[in-house]
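Chain by chain, the residues:
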Amino acid sequence: FERSRNPSFFCSFPFVRTAWAHFNQASDRLLVLAIRKRGQLVGIAPFMIEPDKLFGLYPFRVIRYVADWGDGDKPAIVTTEDERGVWRAIYGFLTREFTAWDAISFDEQPLESPLAELDCFPEPAFRIRRTNRVWSFRTALAGAWPDYLGSLKGKVRGDWARCRRRLEEHAQPLAVEWFEA
């Protein structure tokens with residue numbers, strides 16, 4: 001991770017391990033790929049396979065990042081090499097050697113990501129959708145919390161109150177994991 005060309009908190013060991021330990025389902029399968037070049041580790045792809053009802057149909061086996069929680073996380077592979085070469089190796093493995101999957105979903109990747117380039121996943125079976133829409137939620141840090149809540153639509157305030165009640169009903173003591181080295 002320290003030698004990576006693209007270090008990010010969202011692909012760090014503590015974050016990925018915590019994501020897997022606390023958010024995986026019993027039906028999820030861990031799929032961590034170690035990419036080597038001449039015996040030297042050059043990339044790690046922290047994936048999982050989870051059943052997902054794509055298009056409302058029966059569950060497909062979908063490859064996703066372990067730490068893909070939805071909004072704003074931007075998970076990535078860790079690599080010390082050019083990402084294109086690592087993605088080509090991943091593509092080769094997933095299309096020739098490991099075929100126990102039905103779909104791939106890598107959300108929130110940068111628009112200039114090698115994933116979006118045709119040389120990484122060139123076949124027509126792979127559909128890449130690009131969008132410039134931003135789904136991140138933001139709020140001003142100035143002002144008081146009640147003022148902010150008051151500025152929201154009634155349905156949003158109601159949803160927030162319901163989620164808060166549920167969280168308080170199931171509250172547990174805070175536990176912090178600490179990793180060194």
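Here the structure is a predicted model, which is why all the values come from computation and not from measurement.

Attention now goes to the overall build of the protein chain. Broken down by element type, the protein chain carries four helices and five strands. Taken over 181 residues, the protein chain has a buried fraction of 29%. Taking all contacts inside the protein chain whose residues are at least 6 apart in sequence as the whole, residues at least 24 apart take part in 55%. Total accessible area computed for the protein chain in this model is approximately 13100 Å², and 56% of it derives from carbon and sulfur atoms.

Overall, the coordinates contain six aromatic pairs when judged by the stated rule. Between Y58 and F60, the aromatic rings sit 5.2 Å apart at their centres with planes inclined by 20°, giving stacked as the arrangement. Residue classification places Y58 among the exposed positions, given a relative accessible area of 58%. Aromatic side chains W145 and Y148 sit 5.4 Å apart centroid to centroid with 40° between the ring planes, which places their arrangement in the tilted category. Residue W145 and its partner Y148 are located together in helix α3 (residues 145-150), separated by three residues, close to a single helical turn. Among the residues examined, Y148 registers a relative accessible area of 28% and is labelled partly exposed.

So, about the environment of I104. You can see I104 is positioned in strand β5 (residues 103-104). Assessed through its relative accessible area of 25%, I104 is described here as partly exposed. Along the backbone, I104 and Y65 are 39 residues apart, and their C-alpha atoms lie at a distance of 9.5 Å.

Side-chain pairing between opposite charges can occur once the charged atoms of the two side chains come close. The tally for this structure, following the rule as stated, stands at eight salt bridges. We note a salt bridge from E168 to R164, for which the minimum N-O separation is 3.0 Å. Placement of both E168 and R164 in helix α4 (residues 154-169) is noted, with a separation of four residues, approximately one turn of the helix. For R164, a relative accessible area of 44% corresponds to the partly exposed category.

Time to look at the pairing of strand β3 (residues 60-65). Looking down a regular strand, the side chains alternate between one sheet face and the other. Along β3, five of the six residues are buried, which leaves the element largely enclosed by surrounding structure. Strand direction decides the pairing type here: strand β2 (residues 40-52) and β3, joined by six bridges, are antiparallel. Bridging across to β3, M48 finds its partner in R64. Pairing analysis gives two bridges linking β3 to β5, with the strands arranged parallel. Residue pairing in the sheet places V62 in a bridge with A103 of β5.

Thresholds, definitions, all that
Residues numbered from 1 in each chain as written. Predicted model: local features only at pLDDT ≥ 70, side-chain atom pairs only at ≥ 80, totals over all residues. Heavy atoms only, no water. Helix = DSSP H or I, 4+ residues; strand = E, 2+ residues; numbered from the N terminus. Buried < 20%, exposed > 50% of the residue type's maximum accessible area, 1.4 Å probe, protein only. Contact = heavy atoms within 4.5 Å. Areas by Shrake-Rupley, 256 points an atom, 1.4 Å probe, with all protein chains shown as cover. Phe/Tyr/Trp six-rings, centres within 6.5 Å; stacked < 30°, edge-to-face > 60°. Salt bridge = Lys/Arg side-chain N within 4 Å of Asp/Glu carboxyl O. Pairing = 2+ DSSP bridges.

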